[in-house]
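Listed here are the chains, written in short residue letters.
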Amino acid sequence: MSMIVRFHELGAADVLKIEEVADRQLAADEARIKVSALGLNRAEVLLRQGKYLERPRLPSRIGYEASGVITELGSEAGKDGFAVGDKVSVVPCFSQTLYGVYGESAVVPAKALAKYPDCLDEIQAAAIWMQYFTAYGALIELGKLKKDEFVLITAASSSVGYSAIQLAKGVGAVAIATTRTAAKKQQLLDAGADHVIVTKDQSLAGEVERITGDHGADLIFDAVAGPILADLTRAAAYEARIYIYGALSLETTVFPLQIALKKGLSINGYTMFQMVDDAERFARAKQYIYKGLESGALKPVIDKVFDFAEIVEAQKYMESNQQNGKIIVRVTA
């Protein structure tokens, strides 16, 4: 038996319940881990609200990212070199309608297991894959960001935003971060952003024009969508690449056809699954991220750590948008 988190109805964070359930039998390609820590993601909030890309099957487990120790392997799950007792982190390369890691114990596909560098502790290890895969795919694999290019990163105080700043600096690009208020500006500058635009007080397009000397942003990495897309296209350089990976605004996103035609813009919807569902991209991304973690060029930014019993409060905190980096839930001491 294990204590896990489930929800039996859609709604606010209070629908999350910690329940004791029997451990199910593993399929041949699955593994069971004792969970040390959980990394929270916006996708989990949206799943619980019924607003995610896939619809939960009630009662539903929840959760993409965790660190922990392997306690059991399916008959085929040891082929990739894993063994009971290995410390691992979980790569979010599965459907939340089938798996969820919020709990003392979690079953995941063996392909979702990844050993993490010794330089990381179990808290940091729960804050690797969603953020770095998401940012790597748009900036490096697809966007081909180059030295001295200008990259505009919206909602930059999220864990993905901080990861994008680190990746941009790693290739020598100029990182322009946005944040709604001035409260997080200094932290973003301290984290490596070359410039920070406070959108509540400053003109987004006007500041990008000033910073880039009228050139515009070569690559735009956007978590907001909705009405801001019009401003982003005005801030874009000629033939800029725009990757929209979130919809924080929840408002309708109108395609800015005229300016897209005038500037020859490439506007792309994007999710991390474009990396993890392609074996070659998946392998390249893991190698790139491992190298960055081991060198210290990539280091997860942790905002706040909650205890497992505070899982509802942790998700409420995420919805408040106060966080500056990754929100973690410690499961085992």
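Each remark here, short or long, concerns the structure printed above.
Residues numbered from 1 in each chain as written. Predicted model: local features only at pLDDT ≥ 70, side-chain atom pairs only at ≥ 80, totals over all residues. Heavy atoms only, no water.

1. Here's the deal with the overall build of the chain
Just so we agree on the cut-off: Numbering of helices and strands runs from the N terminus, with a helix taken as a DSSP run of H or I at least four residues long and a strand as a DSSP run of E at least two residues long. Both definitions apply: the radius of gyration is a C-alpha atom measure, and the globule rule equals 2.2 Å times residues to the power 0.38. Only protein chains enter the accessibility calculation, which uses a 1.4 Å probe. A residue is then buried if its area is under 20% of the maximum for its type, exposed if over 50%, and partly exposed in between. A contact between two residues is defined here by any heavy atoms of the two lying within 4.5 Å. Using a 1.4 Å probe, accessible areas were evaluated by the Shrake-Rupley method; residue-level cover was limited to the displayed protein chains. Note that His is not counted, nor are the chain ends; the positive residues are Lys and Arg, and the negative ones are Asp and Glu. By convention, the point assigned to a charge is CZ for Arg, NZ for Lys, CD for Glu and CG for Asp.
Per the secondary structure count, the chain includes 11 helices and 16 strands. Relative to the globule expectation of 20 Å for 333 residues, the C-alpha radius of gyration of the chain, 20 Å, shows essentially globular dimensions. A principal-axis box enclosing the C-alpha atoms of the chain has dimensions of 60 × 40 × 35 Å. Every one of the 333 residues in the chain was classed for burial, and the buried ones make up 55%. In the chain, the proportion of contacts linking residues at least 24 apart, taken out of those at least 6 apart, comes to 69%. Of the roughly 14300 Å² of accessible surface on the chain, 49% is carried by carbon and sulfur atoms. Each charge class in the chain was averaged separately, 37 positive and 41 negative side chains, and the resulting centres sit 2 Å apart.

2. Focus on the pairing of strand E10 (residues 174–179)
The side chains of a regular strand alternate, residue by residue, between the two faces of the sheet. This is how the line gets drawn: Strands qualify as paired when DSSP identifies two bridges or more between them. The path from the first strand over the helix to the second decides the hand: if it runs clockwise while the strands point away from the viewer, the crossover is right-handed.
With 6 of 6 residues buried, E10 is to be regarded as a mostly interior element. Burial along E10 is two-sided: the residues Val-174, Ile-176 and Thr-178 and Ala-175, Ala-177 and Thr-179 are all buried. With 4 bridges connecting them, strand E9 (residues 150–153) and E10 associate as parallel partners. For Leu-152, the partnering residue across the bridge sits in E10 and is Ile-176. A crossover connection joins E9 to the parallel E10 through helix H4 (residues 159–170); in handedness this β-α-β unit is right-handed. Where E10 lies against strand E11 (residues 195–198), 4 bridges are found, and the strand directions are parallel. The partner of Ala-177 across the bridge, within E11, is Val-196.

3. Describing the nonpolar core
The test is simple: Among the buried residues, those of types Ala, Val, Leu, Ile, Met, Phe, Trp, Tyr and Cys that are joined through side-chain atoms within 4.5 Å form a nonpolar core.
Formed by 88 residues in total, the largest nonpolar core has its most connected members in Ile-33, Ile-128, Phe-133, Leu-139 and Phe-221. The dominant element in this core, judged by the number of residues it contributes, is helix H3 (residues 129–142), at 9 residues. In this structure, Ile-33 is in contact with Ala-66, Gly-68, Val-69, Ile-70, Thr-71, Val-88, Val-90, Glu-104, Ser-105, Ala-106 and Leu-113, ignoring residues within four places of it in sequence. Of all hydrophobic cores here, the second largest spans 24 residues; its members include Ile-211, Ala-217, Val-224 and Ala-236.

4. Let's talk about unusual backbone geometry
With an omega of -10 degrees, the peptide bond running from Leu-58 to Pro-59 counts as cis. If you trace the backbone, Pro-59 turns up in the loop between helix H1 (42–49) and strand E4 (60–61). In the Ramachandran plot, Glu-239 falls in the positive-phi region, its phi being about 60 degrees despite a non-glycine side chain. Within the secondary structure, Glu-239 sits in strand E13 (residues 236–244). Notably, Leu-250 is not glycine yet its phi reads approximately 60 degrees, a positive angle. For Leu-250, the location among the structural elements is in the loop between E13 and helix H8 (257–263). On the basis of relative accessibility, which here comes to 57%, the residue Leu-250 falls in the exposed class.

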